[in-house]
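Descriptive structure summary
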Amino acid sequence: MGNPAVNRTGAAGQTATEHRLANGLRLVLSEDHLTPVAAVCIWYDVGSRHEIAGRTGLAHLFEHLMFQGSAQVKGNGHFELVQGAGGSLNGTTSFERTNYFETMPAHQLELALWLEADRMGTLLAALDDESLDNQRDVVKNERRQRYDNVPYGTAFERLIALAYPEGHPYHHTPIGSMADLDAATLADARAFFRANYAPNNAVLAIVGDIDPRQTLEWADKYFGSIPAHDGKMPLRNAELPDIIGTEIRQVIRENVPARALMAAYRLPEDGTRECDAADLAVTVLGNGMSSRLYNRLVRHDRTAIAADFGLMRLAGAPSLGWMDVKASGGTGVPQIEAAVNEELARFSADGPSPEELERAQAQLEREWLDRFSTVAGRADELCRYSVLFGDPQLAFSAMSRVLDITAAEVKAVAAARLRPDNRAVLVYEPTGSPEPAAAGQDGARQ
Amino acid sequence: MTDADVTMDLHPMPAAGQARDWAFPAPERGGLPTGLPVLRCQRPGQQLVAVEICLDAPLDAEPDGLDGIATIMVRALAQGTAQHSAEEFAAELERCGATLQASADFLGARVSLEVPASRLHRALGLLTEALAEPAFATTEIERLVGNRLDAIPIELANPGQRAAIQLAHELFPESARMSRPRQGTAETVARIDAAAVRAFYEAQLRPVTATAVVVGDLSEIDLDAMLAGTLGRWATETGAPALVPPVTARDDGRVVIVDRPGAVQTQMLIGRLGPDRHDPVWPALVLGTYCLGGTLTSRLDRVLREEKGYTYGVRAGTQVLHSPAPDDGIGEALLAISGSVDTASTSPALDDLRTVLRTLAADGLTDAERDMAVQNLVLVAPLRYETAAPVADTLADQVQQHLPDDFQAQLYGRLGETSTAEATAAVVTAWPENRMITILVGDAAQIRGPVEDLGIGPVSVVAA
């Protein structure tokens, strides 16, 4: 058992109540009167894993269309009204869900509910080719800015495609391909809305300085008459063996500033003790400035400028462990890879030391405190546990579960999963770079 | 709209409820016997405590030829002390669940700590070691220098960072520290060694010219006792604060293309010099800048993003670079417009951007725009300052800019008193369309001709 920084009986007194409207919309309310703000967060149970071949990126493009107006909200009115009320807002799309959020001064909560209800119920009344074409161009520029025009920008997309096989629902990332974005039609967008944007396919969390009775009344008033509907396509099978089975390898020759060694490991699904153990394992190995890979590669060998290992939790498919090492000077990838393999093998054999486990738990606890310190962060976590695991209360106990993991469990998951035959390796070789120095940390720097 | 698309009961837009009172937190100012001023601020329920240490080590204090030493020095504070090796120090911090970040800039250096309140004492002990007895071991300084040399090409490959470096070079005279990269060049960083780092530390870091800011739920903490046993042990001889010279900037309209053959987008960065927060025009400038490019419903994105689809987003902003105490002259801020557009849209986007500025100068802002900006900027404050870290950051900014502790608290009232005409005048004065320096990081072979045809000043091309 870890050494918690905060007394966690009920996560510092935080609680949530659950409700369901007649149309199937699930509500989660949590009071917190410290600051006069209220967060509204809505998760639709649709993400890029629901997309079909030839229409990748549609869930995310659609998320943009949700800000283009609805029956009673003209043009950019959603943004204007929220910002004019002193709120902040956005939406994001991942593999497993699409979320929308408005964090408002508490006295403007009703406005946010009205806005979310209007687009959940009436988006198609405003959706047209003009907004589709405009947002298609915006999304293509988002793709260029975040992925195509920056060094290593497409690494994540490549690793995902290697770790989840062709045809698997997680084989492509939410941003989608340029060709598929070009191909999306208004009919696609309308069909996507009808299939997925139903009250019975969503969870609405409201957290902050709220009056729960009044809030429930408003939720029922604005969302209650939106008809339930079932048009959702069944999810394609996402089952995969625990282990990839053989090391997959891709070498990219590109105009990047430094060599890089990246790897994606298939790790246990979110919602399991093994996933929490894997989170601790990658934290000990590559999160922070006292991790094993940082100490070995950056401090001791000085073969790397950065060495990170992180976990992307996934509930509907194996989670992804993502290792990212950028080489220092002229160091070659084989030298780095040998050291990484050595560290991972040693860790799998011995597991974490008590001090390492304590540090990893303290770091994950701080990250959790950080997410829970805002009403928006809490609302998002309540939605997450509702949509992915059917129980928002699990959000409050998430940290105790991580603190409950033992060194033996961390060692077991490392031994089972952090193996060469369970990874997809991506190597970047800069174009025009000289041959790596034969050996030694000082090979390239004079 | 078809009736088939509306199958729910429609209700009129609701009116706002009764707003609840909120004020920017007022810090309590005190000090330690060593001369270290302390600002503290109680924020109920905030279990992550934020500590900011403002250090009087501005980049202008760096010795000639050693650009980047301020950054290396503040980073080296956490790389080993008299009591802990670098590795042990990192491990001890992480055992607290703490993060420690260090940076150096034109206004001074900052060390930022975040830690759960229950472990604040331990973390403050480590922070004190870092400030009072850093080891500056030769091997650690060599490693930081090597790390920095490796990082430079990676930063230059990032279009946004490359554009910022070029803008500084074009805007400021060569003699000004501001014309050169904050963290130095390969040439200057390579010269930095442990002796120089220690000398810079001894010359610049003193409790009397520093300030500590502590924000969070301190209700169960005896902060005075805690500080006396930790930061109170950091003592040095007294010394005068660093003097930072004022800076001037060019404003001859011109375009510099940083050539990146094959780039699918052009990174735009347009810059000018403006006033600092001491200037009475500041609230008007904040409002005008928001209306021009604060969000996706501001004038620039309304055209460039939401009408034309040229970009994922263009923003206008300000960054204070020099902010002396009111008796020591006036300060300066960088005014910037930045965003990425697809390569083919580079010239059309610049043309539209200038049309937006011209229209703004001719017709001014509308009262509705001004009202919306005031409401957003003022009403968003409780949300923006919900947690401890942003409060600590703003208080530390005020300290480093020689502003009164209630500057931000007063700013909200001043925004409300600023008229549409004042906001218009401020933003139009800030952005005269023919006196802007434009940096474009992109494919020169494709964008140079069309940009020259715009006639917005001479266009030159430099290598990436």
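Reading guide: rules and limits
Residues numbered from 1 in each chain as written. Chains lettered and ligands numbered in written order. Predicted model: local features only at pLDDT ≥ 70, side-chain atom pairs only at ≥ 80, totals over all residues. Heavy atoms only, no water. Helix = DSSP H or I, 4+ residues; strand = E, 2+ residues; numbered from the N terminus. Rg over C-alpha atoms; globule rule 2.2 N^0.38 Å. Buried < 20%, exposed > 50% of the residue type's maximum accessible area, 1.4 Å probe, protein only. Contact = heavy atoms within 4.5 Å. Pairing = 2+ DSSP bridges. Axes fitted to C-alpha atoms, helices over the stretch in contact; angles between N-to-C directions. Parallel < 35°, antiparallel > 145°, perpendicular 65-115°, else oblique. Left-handed = near helix turned anticlockwise from the far one by under 90°. Nonpolar A, V, L, I, M, F, W, Y, C, P; charged D, E, K, R; others polar. 1 Å grid on protein atoms, 1.4 Å probe; cavity = no way out; pocket = protein on both sides within 12 Å on 5 of 7 lines; lining within 4 Å. Points joined across faces, edges and corners; volume = space filled by probe spheres on them. Patch = residues over 30% accessible without salt bridge, like charges linked within 9 Å, V, L, I, M, F, W, Y side chains within 5 Å. Areas by Shrake-Rupley, 256 points an atom, 1.4 Å probe, with all protein chains shown as cover. Salt bridge = Lys/Arg side-chain N within 4 Å of Asp/Glu carboxyl O. Lys, Arg positive; Asp, Glu negative; His and termini not counted. Charge placed at Lys NZ, Arg CZ, Asp CG, Glu CD. Polar contact = N/O pair within 3.5 Å; in protein donor to acceptor, adjacent residues only side chain to side chain. Arc of directions from axis to C-beta. Phe/Tyr/Trp six-rings, centres within 6.5 Å; stacked < 30°, edge-to-face > 60°. Buried area = accessible area lost by both parts, 1.4 Å probe.

Side note on the overall build of chain B
Counting secondary structure elements, chain B contains 17 helices and twelve strands. Taken over the C-alpha trace, chain B has a radius of gyration of 24 Å; the compact-globule value for 464 residues is 23 Å, and the two agree within 12%. For chain B, the spread of C-alpha atoms along the principal axes amounts to about 70 × 60 × 50 Å. Counting every position in chain B, which comprises 464 residues, the buried fraction comes to 57%. Put simply, of all contacts in chain B between residues at least 6 apart along the chain, 81% involve residues at least 24 apart.

Focus: the sheet that holds strand β8 (residues 265-275) of chain B
Backbone hydrogen bonds are what pair the strands of a sheet, in a parallel or an antiparallel way. Residues and elements named next belong to chain B. The six strands lie next to each other as β9-β10-β8-β11-β7-β12, forming an open sheet whose pairing is mixed. The sheet is open, and its two borders are formed by β9 (311-322) and β12 (459-463), each paired with just one other strand. Between one strand axis and the next, the sheet turns through 20 degrees on average, direction left out of account.

With respect to the packing of helix α11 (residues 292-300) of chain A against helix α12 (residues 333-350) of chain A
Residues and elements named next belong to chain A. Between α11 and α12, the least distance of the axes is 10 Å, while the angle of their chain directions is 150 degrees. When the axes of α11 and α12 are compared, the pair comes out roughly antiparallel. For the pair α11 and α12, the sense of crossing is right-handed. Two secondary-structure elements touch here, α11 through R292, L293, R296 and L297 and α12 through I336, A339, V340, E342, E343, L344, R346 and F347. When grouped by side-chain class, the residues that make up the contact of α11 with α12 number seven nonpolar, no polar and five charged.

Focus on empty space enclosed by the protein
In this structure the tally under the stated criterion is six cavities of 30 Å³ or more. Approximately 60 Å³ is the volume attributed to the largest cavity. As for the largest cavity, its lining consists of T283(A), V284(A), N287(A), S290(A), S291(A), E356(A), R359(A), A360(A), Q363(A) and E94(B). For the lining of the largest cavity, the secondary structure elements donating two or more residues are α10 (273-286) and α13 (354-372) of chain A. By residue number, the principal contributor to the lining of the largest cavity is α13(A), which donates four residues. A class-by-class count of the residues in the lining of the largest cavity yields two nonpolar, five polar and three charged.

Thoughts on the environment of D180(A)
All names here are of chain A. Inspection of the secondary structure puts D180 in helix α7 (residues 178-183). For the pair D180 and P199, spaced 19 residues apart in sequence, the C-alpha separation works out to 28 Å. With residues near it in sequence (within four places) discarded, D180 still touches G54, R55 and T56.

Some points on a negative patch on the surface
A cluster of acidic residues, E31(A), D211(A), E217(A) and D220(A), forms a negative patch at the surface. Position of E217(A) among the secondary structure elements: in helix α9 (residues 212-223).

Let's talk about helix α2 (residues 86-95) of chain B
When α2(B) is considered as a whole, its buried residues turn out to be A86(B), F89(B), A90(B), A91(B), L93(B) and E94(B). Close packing links the buried residues of α2(B) with α11 and α13 of chain A together with β4 (99-105), β5 (108-116), α3 (120-132) and α4 (138-156) of chain B.

Comments concerning the pattern of salt bridges
By the definition in use, this model includes 64 salt bridges over all chains. D252(B) is paired through a salt bridge with R250(B); the nearest N and O atoms lie 2.8 Å apart. You can call D252(B) partly exposed: its relative accessible area is 28%. Measuring nitrogen to oxygen at the nearest pair gives 2.8 Å for the salt bridge that ties E433(B) to R358(B). Of this pair, E433(B) sits in the loop between α16 (420-430) and β11 (437-442) while R358(B) sits in helix α11 (residues 346-363), and the two are 75 residues apart along the sequence. R358(B) sits in the partly exposed class, given a relative accessible area of 40%. What you see here is one network of salt bridges that share partners, running through D270(A), D276(A), D279(A), R313(A), R371(A), E381(A) and R384(A).

Digging into the side chain of R97(A)
All names here are of chain A. If you trace the backbone, R97 turns up in the loop between β4 (88-93) and β5 (98-105). Although R97 is buried, it forms no salt bridge, and the closest oppositely charged side chain is D380 at an N-O distance of 5.0 Å. Engagement of the side chain of R97 in a polar contact is seen with the side chain of N99, the distance being 3.4 Å.

Section: the packing of helix α4 (residues 109-122) of chain A against α9(A)
Residues and elements named next belong to chain A. Running from N to C, α4 and α9 point in directions that differ by 25 degrees, and their axes come no closer than 9 Å. As far as their axial angle goes, α9 and α4 are roughly parallel. In this structure, the crossing between α4 and α9 has a hand that is right-handed. Of the residues in α9, those in contact with L109, E110, L113, W114, E116, A117 and M120 of α4 are T215, W218, A219, K221, Y222 and F223. Split by residue class, the contact of α4 with α9 holds nine nonpolar, one polar and three charged.

Considering the sheet that holds β5(B)
All names here are of chain B. If you trace the six strands from one edge of the open sheet to the other, you get β1-β2-β6-β3-β5-β4, paired in mixed fashion. At either end of the open sheet lies a strand with only one pairing partner, and these are β1 (28-31) and β4. Averaged over all pairs of adjacent strands, the angle between their axes in this sheet comes to 15 degrees, without regard to strand direction. The pairing of strand β3 (residues 48-55) with β5 spans eight bridges and is classified as antiparallel. When the sheet's bridge partners are listed, V49 is paired in β5 with V115. Sheet strands touched by helix α1 (residues 69-76): β3, β4 and β5. Its angle to β4, the strand with the most contacts, is close to 160 degrees.

Some words on helix α16 (residues 407-417) of chain A
Residue and element names in this part refer to chain A. For α16, the complete set of buried residues consists of V410, V413, A414 and R417. Down the axis of α16, the sector holding all buried residues measures 100 degrees, keeping them to one side. Buried residues belonging to α16 abut β8 (260-267), α10, α12 and α13.

Topic: the packing of aromatic side chains
Taken as a whole, this structure holds 22 aromatic pairs over all chains when the rule is applied. Ring geometry for F67(A) against Y100(A): centres 6.0 Å apart, planes inclined by 50 degrees, an arrangement best described as tilted. A residue pair is termed long-range when its members are at least 10 positions apart, and F67(A) in the loop between α2 (58-65) and α3 (77-84) and Y100(A) in strand β5 qualify at 33 residues. You can call Y100(A) buried: its relative accessible area is 0%. Judged by centre distance (4.8 Å) and plane angle (85 degrees), the rings of F24(B) and Y385(B) are edge-to-face. With a gap of 361 residues between them, F24(B) in the segment before β1 and Y385(B) in the loop between α13 (381-384) and α14 (388-400) connect regions that are remote in the sequence.

Comments concerning the environment of N255(A)
All names here are of chain A. Tracing the backbone through its elements, the reader meets N255 in the loop between β7 (248-254) and β8. What makes N255 exposed here is its relative accessible area of 69%. Measuring from C-alpha to C-alpha, the distance between N255 and T431 comes to 5.3 Å, with 176 residues separating the pair along the chain.

Some details on the interface of chain B and chain A
Taken residue by residue, the interface counts 80 residues in chain B and 86 residues in chain A. In total, chain B and chain A occlude about 6900 Å² of area from one another, counting both sides; carbon and sulfur atoms represent 56% of this. Of all residues in chain B, the largest losses of buried area upon contact with chain A belong to M8(B), E94(B) and Y312(B), amounting jointly to 10% of the total for that side. Inspection of the region where chain B meets chain A yields three salt bridges. A salt bridge links R119(B) to E365(A); the shortest N-O distance between them is 3.7 Å. Elements represented by at least two residues in the side of chain B that touches chain A include exactly α2, β5, α4, β9, β10 (332-342), α12 (367-379) and α13 of chain B. The greatest single-element share of the side of chain B that touches chain A, amounting to eleven residues, is contributed by α4(B). Classifying every residue of the side of chain B that touches chain A by side-chain character gives 37 nonpolar, 23 polar and 20 charged.

Bear in mind that shape data such as this cannot, by itself, settle questions of function.
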